[in-house]
Amino acid sequence: MADKLLSQYEELKAQVNAHNYRYHVLDAPIISDLEYDRLLNELKRIESLHPEWITSDSPTQRAGARPADRFDKIRHPAAILSLANAFGGDDARAWFERVKKIDDRVEKAKFVVEPKIDGLSVVLHYRDGLFVQGATRGDGEIGEDITSNLRTIRAIPLRIPVQTIDDRPQTVKSSMVNRPPSYLVVRGEAFIPNKEFEELNRKLEEAGEKTYLNPRNTAAGSLRQLDPQLTASRPLTLLVYQIVYSEGGKVPTSQWEILEYLKALGFPVTDIAKRFDDLDSAISYTETWGEGRDTLPYEADGMVIKIDDLNLAADLGFTGKDPRGAIAFKFPAREVTTTLSDIGVAVGRTGVLTPYAMLEPVEIGGVVVERATLHNFDFIAEKDIRVGDRVLIKRAGEVIPYVIGPVVDARSGKEKTYKPPTKCPACSQAVEHFEGEVAWYCVNAACPAQLVRNIEHFVSRGAMDIVGLGIKIVEQLIEAGLVKDVADLFTLNKDQLLGLEGFAEKKAENLLKSLEQAKGQSLNRLIIALGIHGVGEVMAGDLSRTFGNLSDLSKANADELQQIEGLGPNIAESLVDWFSQPANQKVLKKLNAAGVWPVAKKDEKKKEGALSGFTFVVTGTLPTLSRDGVKEFIESNGGKVTDSVSKKTSYLVLGENPGSKAEKAQSLGVKILNEAELRKLAGE
Ligand code: IVH
């Protein structure tokens, strides 16, 4: 009876291991997770009846080892070497010329090209097919015993050859596969695939915990955990590429066959390795991956070009610790660490304050980088980035370099926590924050950093509609010191204009005429032109009709403003803030003095359209319309846009990554639309 159960148990164990192999190595499961769990549970049940049957290759033995208080040292059976680098085709060809001189057989050598995964070198020992020990590379002679941690990596076979339930490629003689050396030591690279890394960080972020810097550091940290349970929770995997040592059995003597052999034994092996008859073909294959590196599921910092004939490679010997028979063809680096000397703040043309990193100059992929973006102030706080930190910088493709995060282990204690500015660095006026947005803004209309954009908006068609005042001229006027705020436009004279490059009589006269005409623009257009955050066309119309002139509007408090339907507390605050800024008051005074002081026409008609009578709130990123774009769209169709959801809200327009507004809308029963539905509602 027990005999029968034992053979059932052995059969089941092989089955579970085979499914594990299909899932974690071949990436081609043939049963569902549920079925897998069922098999595993049955295995556990038998093991609970007969604990004496449990062997170390049981799939139940992957995690569960107790935390260690330190790692033992392990002497590697042969040196775990590193590689010399080549930084391009010429370097690789120079290597070829050098080794050719040492041995002329190199002339006719074949080459194997493999990805150089940016992970952690690990060494796995198998005795009589059983995984018995695993180590880090250490100094190449002695590594650390991380067996319990490595056991948790499901791609690592606990017994070789792995029994399969499928048609594993039969490229290797079955006698070799079925009787591997009695002692086999292989080497591979452990890593966390990019997708799994992002998923891990996403979960951490959701849980409000600190995220990891990059897959490599995370993989290294995970493997050096004293508690294997922690390692087990990290999505580690590996690819194997070398036989370091073997005893009691034959192994292939070419790199290409080694890869096939390891694959046949059940190890995970790269599927993008290729063998070439000449170096130039190997180099062009390498370069193809240099361009396509983003399509790889892991971070590769290059490709390794290896002489296929391992006896020849061994005969070539070493330079230092680097075997001459292979070379690491490095891709341009994308991540480096450097010191964050300070944090600067740039004021964008829309008034957004963006912090940037001032760095100790560092080369990334052939470019010296001194600045990198820090995204926004929340990012600095979330990542706890301090001035003086060593920081990890990434520069990939066309993206501007950005800071990934601080290297916390490198801290000396002298680093300084950063406080965001309370004043605009360009004009020293107080900065503002609007609910639901991460950004801080400078709302001073005369802020030099925003002047071009402010004037551009002021003169635009939907605002004061001043013809003949393009961005080039605006820049010229500012550069010549003639215009320091929008009001200065109205005191320009002909002589001043004629002093500018490209201005003749006619052009100057035309511009002055346009400016003169603009003085007659309506109050609502002037309100739009002032560019107050959150105030669009429809709102400007309401304000204009309600207050009739700018001096009354400027004196209105938040309560009075909120009497207007659809004008919520945020826009009210934005208006009050704007009118309270001394710099803005000065601009208003100057406009008044220049005669730009329209009063509302009583007969002005409210804009009517398909969205008239509806109040909208927008949250998240929409597929085609920007923040301002959607506002304009709604308002031009007669709708009203407010910034907080209330019972009065008719619709919430929902995009991707919405904030808390979506929940609020749901709880209040406010109808929700996407961009397409909004367009439909507007009759598009
Ligand atoms: S071969 C003699 N092949 O790159 C064998 N290394 O400095 C020397 N690496 O420490 C290594 N992928 O951690 C080799 N396909 C690959 C590799 C690889 C990643 C790592 C390995 C080594 C470093 C080279």
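With that settled, the discussion passes to the overall build of the chain. Secondary structure summary: the chain contains 25 helices and 26 strands in total. Here the chain has a C-alpha radius of gyration of 34 Å; the compact-globule value for 684 residues is 26 Å, and the former is much larger. Reported as C-alpha extents along the three principal axes, the dimensions of the chain are approximately 100 × 70 × 50 Å. Looking at the chain residue by residue over its 684 residues, the buried ones come to 49%. Relative to all contacts within the chain whose residues are 6 or more apart in sequence, the contacts with residues 24 or more apart total 68%. Carbon and sulfur atoms make up 49% of the accessible area of the chain, which totals about 33800 Å².

In this section: unusual backbone geometry. In this structure, Pro161 follows Ile160 across a cis peptide bond, with omega equal to -10 degrees. Topologically, Pro161 is positioned in the loop between α4 (147-151) and α5 (174-178). Non-glycine residue Asp27 carries a positive phi angle of around 60 degrees. Here Asp27 lies in the loop between α1 (2-24) and α2 (33-49).

An α-helix turns once per 3.6 residues; consequently, residues spaced three or four apart project the same way. Along helix α23 (residues 627-636), the residues that are buried comprise Val630, Lys631, Phe633, Ile634 and Glu635. Against the buried residues of α23 lie α18 (537-547), β23 (615-619), β24 (640-641) and α25 (675-681). Within two residues after α23, Gly638 carries a phi angle of roughly 90 degrees, on the positive side.

Turning our eyes to something else, we now look at the site of the ligand. Surveying the vicinity of the ligand reveals 15 residues, the closest of which are Glu114, Lys116, Arg187, Glu189 and Lys306. Leu83 is positioned with one of its backbone polar atoms (N or O) 3.2 Å from an oxygen atom of the ligand. Take Lys306: an N or O atom from its side chain is 2.9 Å from a nitrogen atom of the ligand. In isolation the ligand has 520 Å² of accessible area, and contact with the protein removes 88% of it. Contributions of two or more residues to the shell around the ligand are made by β3 (111-117), β7 (183-191), β8 (237-247) and β10 (300-307). Ranked by the residues each element gives to the shell around the ligand, the list is headed by β3, at four residues. Residue composition of the shell around the ligand, grouped by class: seven nonpolar, three polar and five charged.

Here the structure, examined in full by the defined rule, presents 33 salt bridges. For Arg334, the salt bridge identified is with Asp294, shortest N-O distance 3.0 Å. Of this pair, Arg334 sits in the loop between β13 (326-330) and β14 (335-347) while Asp294 sits in the loop between α10 (279-292) and β10, and the two are 40 residues apart along the sequence. One network of salt bridges, in which partners are shared, links Glu10, Lys13, Asp57 and Arg159.

A word on the sheet that holds β24. Spatial ordering of the open sheet is given by β24-β23-β25-β26, a layout of four strands whose pairing is parallel. Looking at the sheet topology across the chains shown, the edges are occupied by β24 and β26 (671-673).

With that out of the way, let us pick up the side chain of His19. Tracing the backbone through its elements, the reader meets His19 in helix α1. Residue contacts for His19: discarding those within four places in its chain leaves Ile30, Ile31, Tyr36, Leu39 and Ile165.

Considering the arrangement of structural elements, one finds Ser636 in helix α23. Residues Ser636 and Leu611 lie 25 residues apart in sequence; the distance between their C-alpha atoms is 8.8 Å. For Ser636, the side chain forms a polar contact with the main-chain oxygen of Phe633, separated by 3.0 Å.

This part covers the packing of α1 against α2. Contact pair α1 / α2: the axes reach a minimum separation of 10 Å and the direction vectors enclose 145 degrees. Judged by the sense of rotation from one axis to the other, the crossing of α1 with α2 is left-handed. Residue-level contacts link Leu5, Tyr9, Leu12, Lys13, Gln15, Val16, His19, Asn20 and Tyr23 of α1 to Asp33, Tyr36, Leu39, Leu40, Glu42, Leu43, Ile46 and Glu47 of α2.

For any pair of aromatic rings, the description rests on two quantities: the centre-to-centre distance and the angle between the ring planes. As enumerated under the stated definition, the model contains 15 aromatic pairs in all. Ring geometry for Phe276 versus Tyr285: centroids 5.3 Å apart, planes at 45 degrees, classification tilted. Across the pair, Tyr285 and Phe276 agree in class, each one buried. In this structure an aromatic cluster arises from ring pairing among Trp95, Phe96 and Phe111. Across the ring face of Tyr183, the terminal group of Arg127 is positioned such that the distance to the ring centre comes to 3.7 Å.

Strand order in the open sheet made by the four strands is β5-β4-β7-β8, with antiparallel pairing throughout. Since the sheet does not close on itself, it has two edges, and those belong to β5 (130-136) and β8, each with one partner. Looking at each pair of strands side by side, their axes are set apart by 25 degrees on average, direction ignored. Of the strand pairs in this sheet, β7 and β8 are connected by nine bridges, and their pairing is antiparallel. Bridge pairing in β8 links Val186 to Ile243. Those strands touched by helix α7 (residues 215-223) are β4 (120-127) and β7, and its axis lies near 40 degrees from that of β4. Its contacts with the sheet put helix α9 (residues 255-265) on β7 and β8, and the angle it makes with β8 is roughly 110 degrees.

Before going further, it helps to spend a moment on the pairing of β23. Most of β23 is tucked away: five of the five residues are buried. Going residue by residue along β23, you find Thr615, Val617 and Thr619 tucked away on one face and Phe616 and Val618 tucked away on the opposite face as well. Relative to β24, β23 runs parallel, the two sharing two bridges. The residue bridging Phe616 from the neighbouring strand is Val641, located in β24. A crossover connection joins β23 to the parallel β24 through α23; in handedness this β-α-β unit is right-handed. Both β23 and strand β25 (residues 651-654) contribute to a ladder of four bridges, which runs parallel. Pairing of Phe616 across the sheet is with Tyr651, part of β25.

In this section: the environment of Trp578. Mapped onto the elements of the fold, Trp578 is located in helix α21 (residues 569-580). Sequence spacing of Trp578 and Asn444 is 134 residues, and the spatial spacing of their C-alpha atoms is 7.4 Å.

Bringing α1 into the picture now. The terminal C-alpha atoms of α1, which comprises 23 residues, lie 32 Å apart, in line with the 33 Å expected from a rise of 1.5 Å per residue. Looking only at α1, the buried set comprises Leu5, Tyr9, Leu12, Lys13, Val16, Asn17, Ala18, His19, Asn20, Tyr21 and Arg22. Close packing links the buried residues of α1 with α2 and α9.

Reading the values: rules and limits
- Here the residue numbers are simple positions, counted from 1 along each chain's written sequence.
- Totals for whole chains, interfaces and linings use every residue, but because this is a predicted model, local features are given only for residues with pLDDT of at least 70 and side-chain atom pairs only at 80 or more, for both listing and counting.
- Excluded from the side-chain calculation are hydrogens and water; included are all heavy atoms of the structure.
- We count a stretch as a helix when DSSP gives it H or I for four or more residues in a row; a strand needs E for two or more, and each element gets its number in order from the N terminus.
- All radius of gyration figures rest on C-alpha atoms, and the globule criterion is 2.2 Å times the number of residues raised to 0.38.
- Whether a residue is buried, partly exposed or exposed follows from its accessible area with a 1.4 Å probe, protein chains only, as a fraction of its type maximum: under 20%, in between, or over 50%, in that order.
- Whether two residues are in contact is decided by their heavy atoms, any of which lying within 4.5 Å being enough.
- All accessible-area figures derive from a Shrake-Rupley calculation using a 1.4 Å probe, and residue coverage is judged against the displayed protein chains alone.
- For this purpose, a residue is taken to be near a molecule or strand whenever a single non-hydrogen atom of the residue falls within 4 Å of it.
- Any pair of nitrogen or oxygen atoms within 3.5 Å is treated as a polar contact; in protein, a donor-acceptor pairing is required on top of that, and neighbouring residues in sequence qualify only through side-chain atoms on both sides.
- Classification convention: Asp, Glu, Lys, Arg as charged; Ala, Val, Leu, Ile, Met, Phe, Trp, Tyr, Cys, Pro as nonpolar; all other residues, Gly among them, as polar.
- Definition used for salt bridges: Asp or Glu carboxyl oxygen within 4 Å of a side-chain nitrogen of Lys or Arg.
- Strand pairing is assigned whenever DSSP detects at least two bridges linking the two strands.
- Axis lines are fitted to C-alpha atoms, over the contacting stretch for helices. Their N-to-C directions set the angle, which ranges from 0 to 180 degrees.
- Note on convention: the crossing is left-handed when the near helix lies turned anticlockwise from the far helix by less than a right angle, right-handed when the turn is clockwise.
- Ring pairs shown here join Phe, Tyr and Trp side chains whose ring centres sit within 6.5 Å, with only the six-membered ring taken for Trp; geometry is labelled stacked below 30 degrees between planes, edge-to-face above 60, and tilted in between.
- We call a charge positioned over a ring when the NZ of a Lys or the CZ of an Arg lies within 6 Å of the ring centre and within 35 degrees of the ring normal.
- Assignment of crossover handedness uses the view with strands pointing away from the viewer, where a clockwise path from the first strand over the helix to the second indicates a right-handed crossover.
- A helix's residues, less one, multiplied by 1.5 Å, set its expected span.

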